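# Working through the structure, step by step
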Amino acid sequence: MKRSAGTSRPRVWRALAAGALVAILALTLRPNPQAAAAALQTPLLCLVCGERGGTDVILNLLLFMPFAVALRLSGMSWGRTVLACAGISLLVESLQFTIIAGRDASLSDLVTNTLGGAVGAMIAAPVGRAIVPDGDHATRLTVGAAVAWLGMLALSAWLMGPWTPAGSRVSSHWAASSEWSNKAFPGTVTAVQSAGFPLPPGPVSDSLARRLLLRLRQGRIELRVDLISGRLTAQNSRWIYFLRIGSAYAPRLSQDGGDLLLEVPVRALHFRFSAPTLRLRDGMPVAPGIPVTITISEVKGFLSMVSSYRGRTFTLSVGPTQGWSLVDPFGLRLGPDVRLLTGVWLGAWLVPLGYWGAWSRHRGAVLLLSIGTVVLGLWLLPALAGFPSVHSSEWFAAGAGLAVGRALAALAAYLASRCGSPSGSESFSS
């Protein structure tokens, strides 16, 4: 595709900045009364807050980037853009601290929002030039997009690797039989086994702890929990059982309404990212007094969770293509709809590759690069990292992402020919 010369359009970018600001306010000022007690426990001056602080830092950095890019391309100077981001973040944190119920206000949010705005303002010029690139620039961007996608999958594979907390002291915690009784399951746990060994509540013997730690480091989870259901309460996500290793847990079984949840111990937990969590729909009764047996196992990279209640079963391979679960701000679970979410995640990452590839003059090379990138990311990388083969839907999602990118490139070329290039190179002021 040929680039059409033209002028920048600051009014368009001002409108996009306004839209980004509305999104920021909608995401940050929505009350969450159920989390009010937890919000009060967050230290105001913390920089990486809570056991999921790593996820919060990444999301806060990303939150203000589109707003800063749009402001900068509308003609605002770098310094004023950063000040605007800092001022809006300070306003949001003040409202969260004084008025908005259940939202965590912290120094971390202010610092990371401002830093995200500074980065967004810094990359605005390259972003503007990348919207309608010339042929050679498009080729470089295409290669960069391929490297970024493979890098994302490689990082996800590493973070999704098996992990156990530091320490050799292991304790077994049953709901209602542990000092960690906060948000505990209202029913009764009657027996717990791992690989045939009983795990009564309390400290685990040194010999059994060594066996359990070795299995967990190898990514092998074998657990059977027998219980009698309790009366369901309004407070969801009540923990049923977990192993405590040192100062952390791995894994943890919980009830969320009529569903079962299993938090998988992966390396990402060490960096305070969200844990990938499996959801077994209708795996638990909502009425009290019903015996249930839950069996969790790992075979050839596939995690299987089986509940005797209604004979519910869910099997899933946890791997690098589900990296979205590590930075998920909405508490989504790896359940029956996981393939759709994973497909959207993978396809979205490949849209830039398809978009910039459509502008490149080297059509044949770009086609080979695109095919090679997808094969490396969905076949070779999981195999090398020891994960099972990906589902066929993920291959389809990768192709769809490339196709969407090419369609957007055609639309951008048409708009550029009609309205002038949207490049931001002419819209900067000092």
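Heads up: the structure comes first, above all this text.
So, here is what we can say about the structure in this document. (Residues numbered from 1 in each chain as written. Predicted model: local features only at pLDDT ≥ 70, side-chain atom pairs only at ≥ 80, totals over all residues. Heavy atoms only, no water.)

With that out of the way, let us pick up the sheet that holds strand S1 (residues 170–174). Strand order in this open sheet of six strands is S4-S1-S6-S7-S8-S9, and the pairing throughout is antiparallel. The open sheet has two edge strands, strand S4 (202–203) and strand S9 (277–280), and neither has a second partner. Looking at chain direction, strand S6 (residues 238–245) and strand S7 (residues 248–256) are connected through six bridges and run antiparallel. Across the sheet, residue Arg238 finds its bridge partner in S7, namely Gln255. (Pairing = 2+ DSSP bridges. Helix = DSSP H or I, 4+ residues; strand = E, 2+ residues; numbered from the N terminus.)

To continue, consider the pairing of S1. In summary, the side chains of a regular strand alternate between the two faces of the sheet. In terms of burial, S1 is a largely internal element, five of the five residues being buried. Residues Val170, Ser172 and Trp174 of S1 are buried on one face, and the alternating residues Ser171 and His173, pointing to the opposite face, are buried as well. Across five bridges, the pairing between S1 and S6 is antiparallel. Bridged to Trp174 within S6 is Tyr241. (Buried < 20%, exposed > 50% of the residue type's maximum accessible area, 1.4 Å probe, protein only.)

Moving on to the sheet that holds strand S2 (residues 188–194). Pairing in this open sheet of six strands is antiparallel, and the strands run S3-S2-S5-S10-S11-S12 from one edge to the other. Each edge of the sheet is formed by a strand with only one pairing partner; in this case those strands are strand S3 (197–198) and strand S12 (312–317). Bridging between strand S5 (residues 223–228) and strand S10 (residues 291–299) involves six bridges; their strand directions are antiparallel. Within S10, the residue paired with Asp226 across the bridge is Thr293.

Another aspect to go through is the pairing of S12. Pairing of strand S11 (residues 302–307) with S12, which is carried by six bridges, proceeds in the antiparallel orientation. Bridge assignment links Val306 to a residue of S12, and that residue is Thr313. Connecting S11 to the antiparallel partner S12 that follows it, the hairpin turn spans four residues, and Arg310 within it adopts a positive phi of roughly 60 degrees.

Looking now at the packing of helix H6 (residues 107–122) against helix H7 (residues 124–131). One can describe the packing of H6 onto H7 by two numbers: an axis separation of 4 Å at closest approach and a directional angle of 50 degrees. With respect to each other, H6 and H7 are oriented oblique. Listed contacts from H7 to Gly120, Ala121 and Met122 of H6 are Ala124, Ala125 and Pro126. Among the residues making up the contact of H6 with H7, the classes are represented as five nonpolar, one polar and no charged. (Axes fitted to C-alpha atoms, helices over the stretch in contact; angles between N-to-C directions. Parallel < 35°, antiparallel > 145°, perpendicular 65-115°, else oblique. Contact = heavy atoms within 4.5 Å. Nonpolar A, V, L, I, M, F, W, Y, C, P; charged D, E, K, R; others polar.)

On to the nonpolar core, then. Counting 79 residues, the largest nonpolar core has Leu199, Val225, Ile240, Tyr241, Leu278, Ile294 and Met305 as its most contacted members. Those residues in contact with Met305 that sit more than four places away from it in its chain are Leu253, Leu260, Leu262, Leu278, Arg279, Leu280, Ile294, Thr295, Ile296, Arg312, Thr313 and Phe314. The next biggest cluster of nonpolar side chains, apart from the first, holds 16 residues, and it includes Trp13, Ala20, Phe67 and Leu73. (Core = buried A, V, L, I, M, F, W, Y, C linked by side-chain atoms within 4.5 Å.)

Another point: the packing of aromatic side chains. Scanning the entire structure with this criterion turns up five aromatic pairs. Look at Trp239 and Phe242: their rings are 4.8 Å apart centre to centre, the planes differ by 65 degrees, and that puts the pair in the edge-to-face class. Relative accessible area serves as the criterion here: at 5%, Phe242 is assigned to the buried category. (Phe/Tyr/Trp six-rings, centres within 6.5 Å; stacked < 30°, edge-to-face > 60°.)

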